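# Report on the structure
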Amino acid sequence: MNDSPAHTDAPVLDVWCELQCSDCRSALDDLRALRARYGDRLELRLRHFPLEKHKHAFAAAQAAEEALEQGKGWEYVEAVLGRVEELDRKGEPFLVEVAGELGLDAEEFDTALVDGRHILIVDADQAEGKAIGVTGTPTYVIGGERLDGGKSQEGLRERVAEIADRLLAEQA
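Right, let's walk through the structure included here. (Residues numbered from 1 in each chain as written. Predicted model: local features only at pLDDT ≥ 70, side-chain atom pairs only at ≥ 80, totals over all residues. Heavy atoms only, no water.)

### Some details on the nonpolar core
Residues Leu13, Tyr76, Leu95 and Tyr140 are the most contacted members of the largest nonpolar core, which totals 45 residues. Of all the elements, helix α8 (residues 156-171) adds the most residues to this core, at 7 residues. What Leu13 contacts, discounting residues up to four positions off in sequence, is Leu34, Leu42, Glu43, Leu44, Arg45, Tyr140, Val141, Ile142 and Val160. (Core = buried A, V, L, I, M, F, W, Y, C linked by side-chain atoms within 4.5 Å. Buried < 20%, exposed > 50% of the residue type's maximum accessible area, 1.4 Å probe, protein only. Helix = DSSP H or I, 4+ residues; strand = E, 2+ residues; numbered from the N terminus. Contact = heavy atoms within 4.5 Å.)

### Re the pattern of salt bridges
All told, the structure shown has 21 salt bridges when counted by the stated rule. A salt bridge links Glu78 to Arg32; the shortest N-O distance between them is 3.0 Å. With a gap of 46 residues between them, Glu78 in helix α3 (residues 73-81) and Arg32 in helix α1 (residues 22-38) connect regions that are remote in the sequence. What you see here is one network of salt bridges that share partners, running through Asp14, Arg45, Arg47, Asp125 and Glu128. (Salt bridge = Lys/Arg side-chain N within 4 Å of Asp/Glu carboxyl O.)

### A short note on a negative patch on the surface
A surface patch of like charges, here negative, comprises Glu92, Asp105, Glu107 and Asp110. As for its position among the elements, Glu107 is in helix α6 (residues 106-115). (Patch = residues over 30% accessible without salt bridge, like charges linked within 9 Å, V, L, I, M, F, W, Y side chains within 5 Å. Areas by Shrake-Rupley, 256 points an atom, 1.4 Å probe, with all protein chains shown as cover. Lys, Arg positive; Asp, Glu negative; His and termini not counted. Charge placed at Lys NZ, Arg CZ, Asp CG, Glu CD.)

### Describing the packing of helix α2 (residues 57-69) against α3
For the pair α2 and α3, interaxial distance at closest approach is 7 Å and the crossing angle is 145 degrees. Packed against α2, whose contacting residues are Ala63, Ala64, Ala67 and Leu68, the element α3 presents Gly73, Tyr76 and Val77 at the interface. (Axes fitted to C-alpha atoms, helices over the stretch in contact; angles between N-to-C directions.)

### Brief notes about the side chain of Gln62
With respect to the helices, strands and loops of the structure, Gln62 is situated in helix α2. A relative accessible area of 6% places Gln62 in the buried class. Those residues in contact with Gln62 that lie beyond four places of it in its chain are Ala112, Leu113, Gly116, His118, Ile119 and Val122.

### Considerations on the pairing of strand β3 (residues 139-142)
Burial along β3 is two-sided: Thr139 and Val141 facing one way and Tyr140 and Ile142 facing the other are all buried. In this sheet, strand β4 (residues 145-148) lies alongside β3 in antiparallel orientation, the contact comprising 4 bridges. Directly across from Tyr140, in β4, lies its bridge partner Leu147. If you look at the hairpin formed by β3 and β4, you'll find 2 residues sitting between the two strands, and Gly143 has a positive phi there, around 55 degrees. (Pairing = 2+ DSSP bridges.)

By themselves these figures say nothing about function.
Structure, rendered in structure tokens:
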């Protein structure tokens, strides 16, 4: 998921994430800092990796895709991640509630969750993640390097920045 117009040749940071994951919520500060530092020179892509232990994660991934379609992908992701406990308690109605709070078409969200129009995107992300060795969230992939934030987020922002700086220097 990418709702920021990036240069087509910008380095890509894939963020394998799930919206019911407290570690992913912790990673938001790093993602905000990276967006602030690089702007559109680094393409940040949310990749879905819902974990079986979180029963609302698959629906949340579909909801994030609907938010992207309605123009507020990252804003929605941040809003849901910021309230993981509510998602745990309320489930799918919470996903629709957040859409309404952000001024999105909540009715369309509800329909999208029922008709499953975004399931293939989520399934494809999950399959690709498994194929490249993602086992938990958050996991970052940049410049062919996989960084596992599910084990520890210590120093990850700096490592991503080092790789991004190197990739940008190589383009110059």
